[in-house]
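One letter stands for each residue in the lines below.
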Amino acid sequence: MSVTVLKPGLLTSLQDGGRPGHAALGIGRAGAMDEPARRLANALVGNEEHEAALEFTLLGPTLRFERAAVIALTGGECGARAGDWPLPLWTCCLLPAGSVLQLGGMRRGCRGYLAVRGGFDAPPVLGSRSTDLHARLGPLDGRALQAGDRLAVGPPSRGPSPRGLRAPHALRWSLDPRPWLDDGETPLALLRGHHFDALDDASRQRLFTARFTVSKDSNRTASRLDGQRLALRQPLELVSEATLPGTVQLPPSGQPIVLQAEAPVTGGYPRVGQLAAADLPRLAQRRPGDAVCFRECTLAEAVERLARRQQRLQRLLHHIARRLESA
Amino acid sequence: MPKPDAMWLPPSLETLAEDALLLRFGDRIDAAVNDRVHAAARRLASLPGVECVPAYASLLLRFEPARWRRGDAAPHEHLREAVATALRESDDTEAATREVTVPVWYGAEAGPDLDDVAAHARLTREEVVARHVAASYRVAMLGFAPGFPYLLGLDPALAMPRRTDPRLSVPAGSVAIGGSQTGIYPQALPGGWHLIGRTPWRLFDLRAAEPSLLRPGDRVRFRAIDGTEYARLAARADA
């Protein structure tokens, strides 16, 4: 079974949970920008959570499914149709053989996820099917989808594939997306970084009060923030050290950069903050021009929020699996 | 020179994120500081569920919070204790450090900036090559691109500020000087360092069992070869 890419969308790539364990060799993790959305998409089609899904950005792809398929769409809110049939998001949809799935522009949020039962298949690179666009590593030699690409779909790990369908069909229930969607307004929780104290007085305050906007130069490597500039009391000569997704760096331009899923493994700019991991998917869903405000957060709070979100996600994943089995 | 007692202070332990600690051993590029980073990385490599990422003067520990959580306390506290204990133990594994001798065709089309480096250093081309080959280097860290080694140990006479106009594409295998460091481009990449030669070896190859030829902490030496040997070794690397 394969899927043919008719239109690639703005930036669409295969992503799984990432490629941990190789940063010492200069290889980053990559992986989905909104990891809960990716995992939920997999759960909705009955996949194991490690399967790769398509991550699309602002404008989704158009794909032709050679055979009948079970799919789910999560993440940002985009228009989706199979032929003349509008498809709901955050649920399990069945497509007949030959369906053309058209994903439109994102009405809300920035990144969407498409999972297919059986998972998109590609040879894993260092244990992962994530695309590292920067290092050109992973499926399709590490590049984004192009028209004409054919994506293989693996055999389903559970559940039958639909046969004899004449029209697209969606399950009657869907997830409540609200806990997993960003409202575009909530201030993002930020830990102070090692060089926070090197900011001048006004900048220390500004970091937690200013309204930044997401720059159009943002990508899977980093969200660049426009609007307000920050300044150091005096220039710092720093030696490169490890960086992480969520690290807030301050380059000489004074415009903060929040590293994302494709964070480089090392960097030499002052680190003024670290975004709480629970808020990384929120930032990933903000689009160019959207507002970003930070609020100060303690490590204990960040750890607690992350643990709570994981528990909530686990519960929901179990619940979805049970519900699919009983269907 | 810093005072010895300042050099050997225990590293500071900084909380970076929910799943990450950073050990800082210093704040500059210094071979002795970097030695301590790699010694610590060797000692901490066996901590369960911890990924060690060495840099010039610091070591990142990225861990699985679930494996280090005990009761209600933040997992960082338990990891901090384990790190402190492991760092107190003696380190006798330095002898196991690998040394890799990398063949390099210096100058000509392989090293278009060799003349510039020689002029900057007020040396002849041959003297530049002799000094580059004489040194023993340490892989301080890998970064920038998969398998790109930042090598410490460059003869100070060869240090040279980066190019003002970076190249859009530097050929794979290029051996280059940037500031006080030298490195090898594992694949064709944009780059602002001065190209003095090229190795026929593949530094990063996903077909190999270990995709990166070099690991952090390795010792590296260079061996000068000519264009003929380059072609022969390159043919073998492609096979």
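Quick caveat, the model's predicted, so the values are computed rather than measured.

Caption draft 1: Just the overall build of chain A, in detail. The number of helices and strands found in chain A is five helices and 21 strands. What you see for chain A is a C-alpha radius of gyration of 20 Å, in line with the 20 Å of a compact globule of 327 residues. If you line up chain A on its principal axes, its C-alpha atoms span 70 × 35 × 30 Å. A total of 327 residues make up chain A; the buried ones form 56% of that total. For chain A, the share of sequence-separated contacts (at least 6 apart) that also reach a separation of at least 24 residues comes to 77%. Here chain A displays about 13,700 Å² of accessible surface, and carbon together with sulfur accounts for 48% of that area. Where the 42 positive side-chain charges of chain A centre and where its 32 negative ones centre are 5 Å apart.

Caption draft 2: Focus on the interface of chain B and chain A. Each partner contributes residues to the interface: chain B has 40 residues there, and chain A has 34 residues. Sorting the residues of chain B by area buried against chain A places E18(B), E51(B) and R62(B) first, and these three jointly supply 22% of that buried surface. For R29(A), the salt bridge goes to E51(B), with nearest N and O atoms at 2.9 Å. At the surface where chain B touches chain A, the tally comes to 10 residue pairs in polar contact (both at pLDDT 80 or more). When residues of the side of chain B that touches chain A are traced back to their parent elements, those giving at least two are β1 (12-17), β2 (20-24), β3 (50-54), β4 (58-63), α4 (75-88) and β6 (137-142) of chain B. Across the side of chain B that touches chain A, the residue classes tally to 24 nonpolar, seven polar and nine charged.

Caption draft 3: Spotlight on the pattern of salt bridges. One pass over the full model with this rule turns up 41 salt bridges over all chains. In this structure, R28(B) engages D30(B) in a salt bridge whose closest nitrogen and oxygen atoms are separated by 3.7 Å.

Caption draft 4: Up close: the domain arrangement of chain A. Residue and element names in this part refer to chain A. The domains assigned to chain A are domain 1 (2-176 + 314-325) and domain 2 (188-296). One C-alpha centre belongs to domain 1, the other to domain 2; they are set 30 Å apart. Tallying the contact residues gives 27 residues for domain 1 and 14 residues for domain 2. When the two sides are added together, the surface that domain 1 and domain 2 hide from each other amounts to roughly 1,400 Å², 53% of it contributed by carbon and sulfur. The three residues of domain 1 that bury the most area against domain 2 are M33, C110 and R111, which together make up 35% of that side's buried surface. At the surface where domain 1 touches domain 2, the tally comes to one salt bridge. Residues R220 and E55 are paired through a salt bridge, measuring 3.0 Å at the closest nitrogen-oxygen approach. When residues in the side of domain 1 that touches domain 2 are grouped by element, the largest group, six residues, is from strand β8 (residues 100-116).

Caption draft 5: View of the packing of aromatic side chains. Residues and elements named next belong to chain B. For the structure on display, the rule yields 11 aromatic pairs over all chains. Taking 5.3 Å as the distance between ring centres and 50 degrees as the angle between the ring planes, the aromatic pair formed by W105 and Y230 counts as tilted. Placement of W105 in strand β5 (residues 99-106) and of Y230 in helix α7 (residues 227-238) is noted, with a sequence separation of 125 residues between them. Relative accessible area serves as the criterion here: at 15%, Y230 is assigned to the buried category. Feature note: the residues Y56, F144, F148, Y150, Y185 and W193 constitute an aromatic cluster, connected by ring pairs.

Caption draft 6: Focus on the pairing of strand β4 (residues 62-65) of chain A. Residue and element names in this part refer to chain A. Pairing of strand β1 (residues 2-7) with β4 involves four bridges; the strand directions are antiparallel. Each residue of the ladder has a partner; that of T4, found in β4, is R64. Both β4 and β8 contribute to a ladder of three bridges, which runs antiparallel. Looking at β8, one finds that T62 is bridged to Q102.

Conventions we followed
Residues numbered from 1 in each chain as written. Chains lettered and ligands numbered in written order. Predicted model: local features only at pLDDT ≥ 70, side-chain atom pairs only at ≥ 80, totals over all residues. Heavy atoms only, no water. Helix = DSSP H or I, 4+ residues; strand = E, 2+ residues; numbered from the N terminus. Rg over C-alpha atoms; globule rule 2.2 N^0.38 Å. Buried < 20%, exposed > 50% of the residue type's maximum accessible area, 1.4 Å probe, protein only. Contact = heavy atoms within 4.5 Å. Areas by Shrake-Rupley, 256 points an atom, 1.4 Å probe, with all protein chains shown as cover. Lys, Arg positive; Asp, Glu negative; His and termini not counted. Charge placed at Lys NZ, Arg CZ, Asp CG, Glu CD. Buried area = accessible area lost by both parts, 1.4 Å probe. Salt bridge = Lys/Arg side-chain N within 4 Å of Asp/Glu carboxyl O. Polar contact = N/O pair within 3.5 Å; in protein donor to acceptor, adjacent residues only side chain to side chain. Nonpolar A, V, L, I, M, F, W, Y, C, P; charged D, E, K, R; others polar. Domains from an automatic or database assignment. Phe/Tyr/Trp six-rings, centres within 6.5 Å; stacked < 30°, edge-to-face > 60°. Pairing = 2+ DSSP bridges.

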